[in-house]
Amino acid sequence: MTRRLTLPDAPSSGNDRRMSAPSARRNMGPIHEVLRARAPTTGRVLEIAAGTGEHAVAFSRAFPGLDWQPTDLDPDRLASIEAWRQAEGPANLRPPQTLNAATPGWHATHGPADMILLVNLLHLIADAEAEAVLTGIAHALAPGGKAFLYGPFLRDGETTSDGDAAFHASLRAQDPAIGYKDIGWVRDRLSPLRTETLEMPSNNLMIIVTAN
Ligand SMILES: C[S@@+](CC[C@H](N)C(=O)[O-])C[C@H]1O[C@@H](n2cnc3c(N)ncnc32)[C@H](O)[C@@H]1O
């Protein structure tokens, strides 16, 4: 299901279909640092909820040994990803594919992947949808594969700043089913896979999941 949410950092479009999201521009550097240290250097990457495509272009260029498959469910985002790819994409960036990762069983058609990247989706969807995303990720990872899940989370049920509390409340006001997920809840959904959590700028977290 595509929700029309009012978000603080909504992407904007230029003269073509390419969109730009301030949050993607801001978090690109810190996410890149983690990927440089922890991502596989070869193999197939599945990017879920790739949004504007700015991460896909930047990271596929930075990691030429990775075969990068961006996906999203929104037609405008898919068009933006394709426009970025045609303008600046390296050879290892594939044309975007449609994926609603909240549909149970999606891993059967979109896996296996040596790496999965998911940035800023889980707080925008309901618990049952997030559960389908996480279960799909756990099943889609190839043996030894890694998933990188970035975003804002609750810790022991609490937000960690006034800004996060306000954002979480604004999401809940738009749809009571959505909002920040608790980090413990997320880890439980990924069990028995190994998870590690890194602190990221602006109170975000990066959860690194390793498949057995
Ligand atoms: C806040 S944006 C994040 C985009 C990108 N990852 C980034 O960090 O710039 C959330 C994205 O999730 C996509 N999305 C929402 N629900 C989805 C779902 N069920 N499956 C896949 N993508 C979804 C939206 O279309 C949107 O592109």
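Residues numbered from 1 in each chain as written. Predicted model: local features only at pLDDT ≥ 70, side-chain atom pairs only at ≥ 80, totals over all residues.

Notes on the pairing of strand E7 (residues 141-151)
Counted residue by residue, E7 has eight buried out of eleven residues, so it is predominantly covered. Note that the unit made of strand E6 (residues 113-119), helix H5 (residues 127-140) and E7 has a crossover that is right-handed. (Buried ≥ 20, exposed ≤ 12 C-beta atoms within 10 Å, placed from the backbone. Helix = DSSP H or I, 4+ residues; strand = E, 2+ residues; numbered from the N terminus. Right-handed = clockwise from strand over helix to strand, strands pointing away.)

A short note on the site of the ligand
Taken together, the neighbourhood of the ligand is formed by 23 residues, with Ala24, Ala49, Gly51, Asp74 and Ala102 sitting nearest. For the shell around the ligand, the per-class residue count stands at 13 nonpolar, six polar and four charged. (Near = placed C-beta within 6 Å. Nonpolar A, V, L, I, M, F, W, Y, C, P; charged D, E, K, R; others polar.)

Looking at the packing of helix H1 (residues 22-38) against helix H2 (residues 54-62)
Orientation of H1 relative to H2, taken along the N-to-C sense of each, is 30°, at an axis distance of 10 Å. Accordingly, the angle class assigned to the pair H1 and H2 is roughly parallel. Crossing hand, H1 versus H2: right-handed. Each of Ala24, Arg25, Met28, His32 and Leu35 in H1 lies in contact with H2, whose residues at this interface are Glu54, His55, Ala58, Phe59 and Ala62. For the contact of H1 with H2, a count of residues per class yields six nonpolar, two polar and two charged. (Axes fitted to C-alpha atoms, helices over the stretch in contact; angles between N-to-C directions. Parallel < 35°, antiparallel > 145°, perpendicular 65-115°, else oblique. Left-handed = near helix turned anticlockwise from the far one by under 90°. Contact = placed C-beta atoms within 7 Å.)

Here's the deal with the sheet that holds strand E11 (residues 205-210)
Note on sheets: strands pair through backbone hydrogen bonds, and any given pair is parallel or antiparallel. Pairing is mixed across the open sheet formed by seven strands, whose spatial order is E5-E4-E3-E6-E7-E11-E10. Edge positions in the sheet fall to strand E5 (97-98) and strand E10 (194-199), since each has one partner strand and no second. Note that E6 and E7 share six bridges and pair parallel. The residue of E7 that forms the bridge with leucine 118 is leucine 149. (Pairing = 2+ DSSP bridges.)

Comments concerning the environment of proline 22
Checked against the element boundaries, proline 22 lands in helix H1. For proline 22, a count of 12 C-beta atoms within 10 Å gives the class exposed. Each C-alpha atom, one on proline 22 and one on proline 11, is 6.9 Å from the other, the two residues being eleven residues apart in sequence.

Digging into the packing of H2 against helix H3 (residues 75-88)
At a closest axis distance of 8 Å, the pairing of H2 and H3 adopts a crossing angle of 35°. Once H2 is placed against H3, the crossing between them reads as right-handed. Every residue of H3 that contacts H2 at Glu54, Ala56 and Val57 is listed here: Ile81, Trp84, Arg85 and Glu88. In terms of residue class, the contact of H2 with H3 is built from four nonpolar, no polar and three charged.

Some remarks on the nonpolar core
With 52 residues, the main nonpolar core has Ile48, Ile116, Leu118, Val133 and Ile137 as its most contacted residues. With near-sequence residues (within four places) excluded, isoleucine 48 lies in contact with Thr71, Leu99, Ala101, Ile116, Leu118 and Leu121. (Core = buried A, V, L, I, M, F, W, Y, C linked by C-beta atoms within 7 Å.)

A word on the pairing of strand E4 (residues 66-72)
Within E4, six of the seven residues are buried, which leaves it mostly tucked inside the rest of the structure. Once you follow strand E3 (residues 43-48) into H2 and on to E4, the crossover reads as right-handed. Strand direction decides the pairing type here: E4 and E5, joined by two bridges, are parallel. Residue pairing in the sheet places threonine 71 in a bridge with glutamine 97 of E5. For the segment spanning E4, H3 and E5, crossover handedness is right-handed.

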